[in-house]
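Summary of structural features
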Amino acid sequence: MARRTQAEELFDTELTDLPPDMRWREWMGRVEAVIFASPKPVDRETLARVVGRDCSLDLLIADIRDELRGRPYELVSVAGGWQHRTKKSFAVAIRTATGLGGTDSKALSQSESLVLLCIGYFQPITRAELGKVFGKEISRDTIGHLRKLGFIAAGPRSPQPGAPYTYVTTPKFLSVFGLASLRDLPDIEKLEDAGLLTKDNLLAVDVPIGIDDNEDEEVSQDVVDEPNVSDGLEP
């Protein structure tokens, strides 16, 4: 553990010498500065280090969001934390000016998107189990591409014979698709009722077929670090 500097040890989080209004404004500034400076979502535990013990982070975040109304960026809850992101309505302007913007999700084919969707809902799940869902074997290339993009990672080994690796989604998956947690995934029954997720749809998709069942080689590949991506960009 890195040694704390003297300034850090003397850092005043309680701010008891300030009037309540000024104390609250200082806490708001600290929290927004920490979030702004971070390349990835900042969790509650991290933010709690710069405010008083009795400070309500939820109320603080709400006040920061209120102050950002009318600005081209906002404070969103993603991947178990908070992050500044430009509003979707400015995506075209950003792409026009810089060529930047959009998400890695655009790099996915329809079949890869459905495989990722299944992993999201049924994780931890093995490649063989995915094959049963689609009625055909899922190729290692499909799994490898999802891993390279950082959307999935190796999970615990399955209790099945041979103890194959399972696959789970990553914090980047939550971040890119704007989810605070997996609980924010659309209700699977609603998707089925809307006809968006049916057995016929899954079987109709041309999913690349795999012929190699060696899961150990797949999970040895490195997973890329999670970048800060969204429909817009951080301010």
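Above: the structure in question.
Remember, predicted model here, so these are calculated numbers, not experimental data.

1. Some points on the sheet that holds strand E1 (residues 42-43)
The three strands are arranged E1-E3-E2 in an open sheet whose pairing can be described as antiparallel. Strand pairing shows two members of the sheet lacking a second neighbour, E1 and strand E2 (73-78), which therefore form its edges. Bridge count between E2 and strand E3 (residues 81-86): six bridges; the pairing is antiparallel. Counterpart to Val-76 in the pairing with E3 is Gln-83. Helix H2 (residues 20-37) rests against E1, E2 and E3 of the sheet, and its axis sits at about 70 degrees to E3. Each of E2 and E3 touches helix H4 (residues 57-67); the most contacted strand, E2, lies at about 150 degrees to it.

2. Observations regarding helix H8 (residues 140-148)
Every buried residue of H8 is listed here: Arg-140, Thr-142, Ile-143, Gly-144, Leu-146 and Arg-147. Positive phi shows up at Gly-150, right after H8, with a value of about 85 degrees.

Definitions and cut-offs
- Residues numbered from 1 in each chain as written.
- Predicted model: local features only at pLDDT ≥ 70, side-chain atom pairs only at ≥ 80, totals over all residues.
- Heavy atoms only, no water.
- Pairing = 2+ DSSP bridges.
- Helix = DSSP H or I, 4+ residues; strand = E, 2+ residues; numbered from the N terminus.
- Contact = heavy atoms within 4.5 Å.
- Axes fitted to C-alpha atoms, helices over the stretch in contact; angles between N-to-C directions.
- Buried < 20%, exposed > 50% of the residue type's maximum accessible area, 1.4 Å probe, protein only.

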